[in-house]
Protein chains: 2
Amino acid sequence: MELAKQFRNMINKMRAYEYVFSVLGWDSNTEAPRESHQLRAEVMGVLSKELFAMQTSKEYQDVVNQLIDQVDSLDDLLAREVKKAKKNLDKVVNVPESEYVEYMKLVQLSQLVWEDAKENNDYDSFKGNLEQLIEFNKKFALYYAPDKDPYDTLLDEYEDGMTTKEYDAFFGQLKEELVPFVREVLQKTNNQYDHFINDTFNAKKQEEYCDYLIDVIKFDRNRGLMKKSVHPFTWNTSPQDVRFTTRYLENYVFSSIFAAIHELGHATYEQQISTEFDGTLLSGGTSMGIHESQSRFYENTIGRSLEFWQAHLGKFKEIFPHQTQKIEPEDMFKAVNKVEASLIRVEADELTYPMHIMLRYEIERLLMSGTVSVDELPKLWDNKMEEYLGIRPANNSEGVLQDVHWSGGMFGYFPTYALGSAYSAQIYYAMQKDLDLSQLILNNQLEEVNAWLKEKIHKYGSSKTPKEILLEVTGEEFNPKYYIQYLKDKYTKLYL
Amino acid sequence: MELAKQFRNMINKMRAYEYVFSVLGWDSNTEAPRESHQLRAEVMGVLSKELFAMQTSKEYQDVVNQLIDQVDSLDDLLAREVKKAKKNLDKVVNVPESEYVEYMKLVQLSQLVWEDAKENNDYDSFKGNLEQLIEFNKKFALYYAPDKDPYDTLLDEYEDGMTTKEYDAFFGQLKEELVPFVREVLQKTNNQYDHFINDTFNAKKQEEYCDYLIDVIKFDRNRGLMKKSVHPFTWNTSPQDVRFTTRYLENYVFSSIFAAIHELGHATYEQQISTEFDGTLLSGGTSMGIHESQSRFYENTIGRSLEFWQAHLGKFKEIFPHQTQKIEPEDMFKAVNKVEASLIRVEADELTYPMHIMLRYEIERLLMSGTVSVDELPKLWDNKMEEYLGIRPANNSEGVLQDVHWSGGMFGYFPTYALGSAYSAQIYYAMQKDLDLSQLILNNQLEEVNAWLKEKIHKYGSSKTPKEILLEVTGEEFNPKYYIQYLKDKYTKLYL
């Protein structure tokens with residue numbers, strides 16, 4: 001079929017450019033010298049113009065629209081791909097080019113403004129940009145779907161099929177059941193292991209341990225690698241090339257370890273996607289939420305389990321004999337699960353983490369509906385922080401200014417973090433019907449866990465929606481009760 | 001001027017693609033996972049087609065040809081750039097596209113065939129490819145310059161202005177004056193330091209010492225970095241981004257050290273080029289020969305001097321206390337200048353190195369003129385080896401099959417290695433009139449050496465030809481006598 005072939009060729013060419021942007025980004029985020037940025041930006045300018053021209057060309061639009069007209073007669077995979085292409089296309093072509101260019105400039109500028117504002121604790125210098133970013137996002141959402149709540153459109157963009165209706169129900173339940181539980185646990189936590197947790201661990205030796213973890217997770221080194229960067233992340237261009245980073249803080253060894261396991265979760269997902277989707281729009285993980293469910297599963301369900309430390313404390317003690325003299329697996333289990341009310345999302349523990357997300361979701365909802373202005377934002381933030389975690393930021397840098405997302409124009413992204421954790425719990429209970437996870441962790445047999453996840457989730461790439469995957473894997477639709485149950489079980493045993 | 005602006009835009013766009021190929025190459029040669037190669041090859045296929053279309057487009061040809069017609073009225077830098085563009089263009093457009101495609105396939109294939117042939121010591125499996133590569137190169141040279149000796153055309157391609165006439169004179173002098181001297185020195189060398197040279201040095205600690213050398217050479221870390229790779233090399237996209245690699249052999253510590261200093265020579269050259277040439281065809285070092293003169297100067301004249309080890313043995317002893325207990329700077333000086341008749345070019349010492357190049361030049365000359373067939377090649381190689389160094393390869397893998405160049409279609413490249421060393425000596429004697437090099441090395445003041453080289457050579461990038469640079473820096477044309485004098489002085493003191 002000629003049309004499908006044209007479509008494939010066009011996608012192929014665009015993906016070559018996207019591949020290039022990926023590699024330049026990887027280079028830039030992991031090692032490129034400081035002063036190399038300008039030339040890279042110029043090159044990306046030249047190439048993104050080329051790519052944009054392809055993405056919006058009359059030729060490409062014609063092919064996509066002709067395929068959409070006959071989408072019911074296409075085979076299932078191609079039909080899904082074409083629908084995805086159409087959705088992407090509609091998002092781009094409905095925005096007037098001048099507004100798009102203006103918005104891209106605003107985003108670039110806002111990131112610098114935000115960096116300075118955070119550095120100098122100067123929210124006022126950023127709020128004008130924030131207001132514009134919100135307005136642009138609303139406007140673009142309305143271009144795409146004039147009849148829908150703009151926040152619904154944005155939420156769906158980051159997690160296919162999710163809207164305020166679902167998230168309201170989800171966060172409503174968390175608020176009702178988790179907030180009191182968190183309060184209770186927080187009263188019982190202590191500083192028993194703080195000296196150990198913040199002891200000095202040589203960075204090179206931490207690297208040696210993280211390298212060991214690669215093999216624990218059974219990550220394929222022929223199709224990936226680990227490196228370091230300021231902010232840990234996973235990167236991939238195909239299942240044959242999946243890379244991740246971690247970071248080394250000499251006075252907080254858990255940072256490198258759990259960032260590594262978290263990213264190994266993302267990375268294992270990407271490595272296990274079927275190669276049949278290579279070069280199509282169905283390659284890569286299906287959504288932010290499902291991706292985060294995998295990273296959180298490896299990090300928390302596996303990495304913060306007692307069995308994990310029964311199996312892998314030995315190697316840790318071998319590398320760090322002095323710091324671990326009195327540490328047994330049970331100590332490690334407690335230390336890595338320390339709960340604490342803290343101000344910074346990225347440093348939050350597993351239990352208080354969803355509180356940080358709930359707060360952001362509620363605020364985004366109010367911002368997008370125009371109920372709250374950017375002027376009222378800092379106070380609102382601090383009040384909610386006090387309400388959910390009982391602590392108040394001393395300044396906006398550790399409050400409303402802490403995250404990069406809004407300065408990058410990302411509204412609707414945060415909720416996927418909590419959603420991922422909740423998916424993860426629901427998947428965990430389904431997995432328990434087939435596997436004895438504790439035993440597999442204890443026996444260092446994670447290849448069996450990988451195989452189960454590959455068969456149920458990973459191999460499908462983006463060829464199934466998050467909702468389809470969840471339904472097929474767990475036999476029911478998304479249900480937050482598993483998440484609440486998982487957290488209550490785990491932290492009751494640990495603290496109550 | 002409209003035409004110049006069009007030219008600039010076109011060059012700019014093509015350079016964006018070249019930048020991308022550079023970054024993909026760097027990634028591939030330093031860290032990319034083994035199985036990532038296929039997708040990268042596909043992407044490069046897509047993008048090189050785009051680039052080739054630009055490079056050979058009617059539009060671009062028109063602009064270049066129109067500028068060439070009025071080249072005498074252009075300002076000097078633009079005129080030089082346009083002439084360069086015209087030369088590049090003529091090389092591409094005179095070759096029929098089908099032949100070009102066929103040749104590119106042959107090169108790709110030949111590299112694999114060569115790898116196997118070398119691995120299996122099977123010259124016969126490679127000689128057919130070699131013969132075809134030679135024929136293509138001859139043919140292409142004749143398309144470009146029908147009236148010239150093809151080898152002259154190829155030599156000029158790697159070193160502007162050099163032909164068999166100059167090289168015959170150069171290698172003739174080497175043969176006459178150096179061959180007997182080398183024989184004499186070889187009789188006096190001994191194995192006094194072999195135990196130390198081949199002692200075990202931990203790779204991570206070698207890396208620490210090489211990192212120290214970055215600061216010794218005063219290389220700017222904000223505009224570059226060091227990494228490791230199988231074959232050391234220097235890489236750059238602009239003076240703001242210059243990277244190099246070294247390699248770590250645990251039983252031969254000099255490999256990492258002198259590869260690092262050698263590449264730091266290349267890298268310092270690139271970092272010191274004036275940014276006014278950024279984005280033009282005048283950016284980057286001017287030629288293979290001048291580049292090699294810089295790397296060899298840092299490696300041999302600086303790095304293998306007594307003063308260097310008077311200044312930097314201390315740090316080496318600090319990192320390797322056990323292996324260096326009885327080693328004084330004079331010992332190090334002798335150890336790093338050990339002369340030995342050896343079969344492999346890349347492992348040859350400074351004195352015997354030009355013998356390896358002379359041999360290759362003489363053979364290429366015979367191959368290109370058709371005087372010698374590929375069948376006769378192995379024996380010819382071995383005979384010449386015996387003539388110049390008194391040793392005979394036991395097999396073709398350590399003889400005629402050892403280098404990658406010919407399998408990559410590079411004929412005329414080798415001579416630039418020896419030429420670079422000879423340039424280096426001529427520049428060294430000129431430098432001595434302005435600087436007390438020994439004292440500067442001893443005082444760890446290489447910034448003054450860098451500054452001299454920047455002012456005389458580096459800052460000009462490719463805006464001057466090798467011949468212009470040599471004449472301006474040394475006051476005379478290329479003269480091999482300095483090289484011969486330098487080697488005789490140094491090795492007479494060391495051995496005779």
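Counting restarts for each chain: residues are numbered from 1 in the order of the written sequence. Each chain is given a letter, starting from A, and each ligand a number, starting from 1, according to the order in which they appear as written. Residues qualify for local features only when their pLDDT is at least 70, as the model is predicted, and side-chain atom pairs are given and counted only at 80 or more; totals for whole chains, interfaces and linings, by contrast, use all residues. Side-chain figures throughout are based on the complete set of non-hydrogen atoms in the structure, without hydrogens or water.

Structural notes on the relation of the copies chain B and chain A
Where we set the bar: In this comparison the copies share one frame, found by least squares on the C-alpha atoms of residues holding pLDDT of at least 70 in both. Any pair of residues with heavy atoms lying within 4.5 Å of one another is described as a contacting pair.
Of the two same-sequence chains, chain B is brought onto chain A (RMSD 0.0 Å, axial shift 0.0 Å) by a rotation of 180 degrees. The symmetry that links the two subunits is that of a two-fold axis. The C-alpha atom lying nearest the rotation axis in chain B is that of B:Val20; the distance is 3.5 Å. Looking at the interface residues of chain B, 100% of them are also at the interface in chain A, so both copies use one shared face.

Structural notes on a positive patch on the surface
Operational definition: Note that patches include only residues with greater than 30% relative accessible area and no salt bridge, and the join distances are 9 Å for like charges and 5 Å for nonpolar side chains (Val, Leu, Ile, Met, Phe, Trp, Tyr). Using a 1.4 Å probe, the Shrake-Rupley method yields the accessible areas, and only the shown protein chains count as cover for residues. The salt bridge definition used is simple: a Lys or Arg side-chain nitrogen within 4 Å of an Asp or Glu carboxyl oxygen. For the charge count, each Lys or Arg is scored as positive and each Asp or Glu as negative, with His and the chain ends excluded. Lysine's charge is taken at NZ, arginine's at CZ, aspartate's at CG and glutamate's at CD. Comment: elements are numbered from the N terminus, with helices defined as DSSP H or I runs of at least four residues and strands as E runs of at least two. Summary of the burial criterion: residues with accessible area below 20% of their type's maximum are buried, those above 50% are exposed, and those between are partly exposed, where the area comes from a 1.4 Å probe applied to protein chains only.
There is a patch of like positive charges on the surface, built from A:Lys204, A:Lys228, B:Lys204 and B:Lys228. Summarising the element assignment, B:Lys228 is placed in strand E1 (residues 224-228). Overall, B:Lys228 belongs to the exposed group, its relative accessible area being 53%.

A short note on the packing of aromatic side chains
All names here are of chain A. Our working rule: Here a Phe, Tyr or Trp ring, Trp counted by its six-membered ring, pairs with any other such ring whose centre lies within 6.5 Å, and the pair is stacked when the planes are under 30 degrees apart, edge-to-face when over 60, and tilted otherwise.
Under the definition given, this model contains 81 aromatic pairs over all chains. Both rings, one in Tyr103 and one in Phe140, keep their centres 5.2 Å apart while their planes meet at 75 degrees; by these two values the pair is edge-to-face. Of this pair, Tyr103 sits in helix H5 (residues 97-120) while Phe140 sits in helix H6 (residues 124-144), and the two are 37 residues apart along the sequence. For Tyr103, a relative accessible area of 9% corresponds to the buried category. A ring pair is formed by Trp406 and Phe411, whose centres lie 6.2 Å apart and whose planes are at 15 degrees; its orientation type is stacked. You can call Trp406 buried: its relative accessible area is 4%. The exposure class assigned to Phe411 is buried, which follows from its relative accessible area of 1%.

Quick notes on the packing of helix H15 (residues 353-368) of chain A against helix H17 (residues 415-434) of chain A
Helix-helix packing is characterised by the crossing angle of the two axes and by the distance between the axes. Residue and element names in this part refer to chain A. Stated formally: Geometry is summarised by axes, namely lines fitted to C-alpha atoms with helices restricted to the contacting stretch, and by angles between N-to-C directions that run from 0 to 180 degrees. Here is the rule for angles: anything less than 35 degrees is roughly parallel, anything more than 145 is roughly antiparallel, 65 through 115 is roughly perpendicular, and the remaining ranges are oblique. Take the far helix as the reference: if the near one is turned anticlockwise from it by less than a right angle, the crossing is left-handed, and if turned clockwise, right-handed. Each residue is assigned to one of three groups, with Ala, Val, Leu, Ile, Met, Phe, Trp, Tyr, Cys and Pro labelled nonpolar, Asp, Glu, Lys and Arg labelled charged, and all others, Gly among them, labelled polar.
Two elements in contact, H15 and H17, have axes whose closest approach is 8 Å; the angle formed by their N-to-C orientations is 140 degrees. Between H15 and H17, the crossing angle belongs to the class labelled oblique. In this structure, H15 meets H17 at a crossing whose hand is left-handed. In this structure, H15 uses Tyr353, Ile357, Tyr361 and Glu364 to contact H17, whose residues at the interface are Pro415, Tyr417 and Ala418. When the residues that make up the contact of H15 with H17 are grouped by side-chain class, the tally is 6 nonpolar, no polar and 1 charged.

Notes on the pattern of salt bridges
All told, the structure shown has 80 salt bridges over all chains when counted by the stated rule. When the shortest N-O distance is used, the salt bridge between B:Lys315 and B:Glu318 registers 3.6 Å. Of the two residues, B:Lys315 and B:Glu318 both sit in helix H13 (residues 306-319), 3 residues apart, roughly one turn of that helix. Residue classification places B:Glu318 among the exposed residues on the basis of a relative accessible area of 57%. By sharing partners, the salt bridges in this structure join A:Asp27, A:Glu31, A:Arg40, A:Lys227, A:Asp241, A:Arg243, B:Asp27, B:Glu31, B:Arg40, B:Lys227, B:Asp241 and B:Arg243 into a single network.

A word on the domain arrangement of chain A
All names here are of chain A. As a reminder of what qualifies: Note: domain ranges come from an automatic or database domain assignment. When two parts are brought into contact, each loses some accessible area as probed by a 1.4 Å sphere; the total of that loss over both is the buried area.
The domains assigned to chain A are domain 1 (2-148) and domain 2 (165-495). Centre-to-centre, using C-alpha coordinates, domain 1 lies 27 Å away from domain 2. Facing the 34 residues of domain 1 at the interface are 42 residues of domain 2. Buried area between domain 1 and domain 2, summed over both chains or domains, comes out near 3300 Å², and the portion from carbon and sulfur atoms is 62%. In terms of surface lost to domain 2, no three residues of domain 1 exceed Trp26, Arg80 and Tyr123, which account for 23% of the buried area on that side. Summed over the shared surface of domain 1 and domain 2, the number is 3 salt bridges. Linking Arg80 and Glu468 is a salt bridge whose minimum nitrogen-to-oxygen distance equals 2.8 Å. Put simply, the parts of the chain that give the side of domain 1 that touches domain 2 at least two residues each are helix H1 (2-30), helix H4 (76-93), H5 and H6. Among the elements that take part in the side of domain 1 that touches domain 2, H1 stands out by supplying 10 residues, more than any other.

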